[in-house]
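Here are the chains, one letter per residue:
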Amino acid sequence: AKAYASRLPSPLADWYAKNQFGEYVAHLALLLAPSREFSEVPGRLPDGTPNALHLPSIGWVALHSDLSDRARTSIYFKSSSYGSYSHSHADQNGFVINARGRSLAIDSGYYDFYKSSHWKEWYAQTRAHNAITFDNGQGQMLDNMAAKGKITRFEHHADFDIATGDATEAYGGALRRAVRSLVYARPDALLVYDALASGTPRSWEWNIHALSRMKETGEKSLEIEQDGVRLCVSLLEAPAGAFSQTDRFTTEPQGKYPRQWHARFASHEKSTDAHFLALLDVECRKPEVSLAREGERRVVRLAGRRFVFDGRGKMMSAQ
């Protein structure tokens, strides 16, 4: 970032570079870049820079509580047309959550080396991500350009954002519907709604991963804590089922790596469709939330607003 901003200075590049620290000063990119003293750079976030962004060319969404705040909450969501080929993973409709400089809901696994056994059996698989699997960890097609997702809706507002991804195609015909909608209510509450369907009855699985063991706070709730920063996870709607967690990978990476923890809520019975509605609450502030059904619609009241989802995973209205 500092090498880039030294060659191509701009208010945004200067702000980004100035917020980086701990670099290796003898890195070749820095040695070859024009000399610049960043302590003298104002490094202010340019006025009007939005706190959320959709990059349609790659199918990524970034949602921030306050981009100018180093202690911000940041949520990243992916549903990309580039599939899972090469370095890409089978993680369409997956998300991660960072807050206060800590990784809370993570993409799990390690890059021990390219196309290692760990890579192929865990690191790049859907089950290693905060995404939907079925029938004991089956997920999206791996190393395949056809494993596509698509961001079908994005809205940025001052106090909330909406993003919807359709990952149906990524499952290679195994599912008839895999649609996920996110509603981010600033600064620290995230709703995640999944609408799933299959021509074959499935056991449905909702996955979440963390660096540390998760505290099971109820049949449908967990708490993640990382260096004093907390994330409370509650399933407001889910098929009858239960959470389980482990610190094991299906295939271990080569080398010594810290353990990670993997929680999965799995339905007890197989069915041809399923709905999950989760509240992810950074710092466990326990906001008032309610869920009501109106036919196929889900009506959620959160943070003084009313959000309505249809039965196919999409947001109908926000008030």
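Our subject is the structure that appears above.
Residues numbered from 1 in each chain as written. Predicted model: local features only at pLDDT ≥ 70, side-chain atom pairs only at ≥ 80, totals over all residues. Heavy atoms only, no water.

Points about the side chain of E237
Then step 1. Residue position: E237 is located in strand β14 (residues 229-237).
Then step 2. Given the relative accessible area of 14%, E237 is considered buried.
Then step 3. Of note is the side chain of E237, whose polar atom sits 2.7 Å from the side chain of R298.
Then step 4. Non-local contacts of E237, meaning those with residues more than four positions away in its chain, are made with H275, F276, L277, L291, R293 and R298. (Helix = DSSP H or I, 4+ residues; strand = E, 2+ residues; numbered from the N terminus. Buried < 20%, exposed > 50% of the residue type's maximum accessible area, 1.4 Å probe, protein only. Polar contact = N/O pair within 3.5 Å; in protein donor to acceptor, adjacent residues only side chain to side chain. Contact = heavy atoms within 4.5 Å.)

Here we look at the state of the cysteines
Then step 1. In the structure shown here, the tally under the stated rule is 1 disulfide.
Then step 2. Each sulfur in the disulfide pair C232 and C284 lies 2.1 Å from the other. Residues C232 and C284 share a disulfide whose torsion about the S-S bond is about 100 degrees; that sign makes it right-handed. Taken together, the residues C232 in strand β14 and C284 in the loop between β17 (271-282) and β18 (289-294) connect sequence positions 52 residues apart. (Disulfide = S-S within 2.5 Å.)

What to know about the packing of aromatic side chains
Two aromatic rings are characterised by how far apart their centres lie and by the angle between their planes.
Then step 1. Enumeration according to the criterion identifies 13 aromatic pairs in this entry.
Then step 2. Residues W119 and Y123 carry aromatic rings whose centres are separated by 5.5 Å and whose planes lie at 65 degrees to one another, so their mutual orientation is edge-to-face. Of this pair, W119 and Y123 both sit in helix α4 (residues 117-123), separated by 4 residues, roughly a single helical turn.
Then step 3. Judged by relative accessible area, W119 falls into the buried class, the value being 3%.
Then step 4. Using a relative accessible area of 16% as the deciding quantity, one classes Y123 as buried. (Phe/Tyr/Trp six-rings, centres within 6.5 Å; stacked < 30°, edge-to-face > 60°.)

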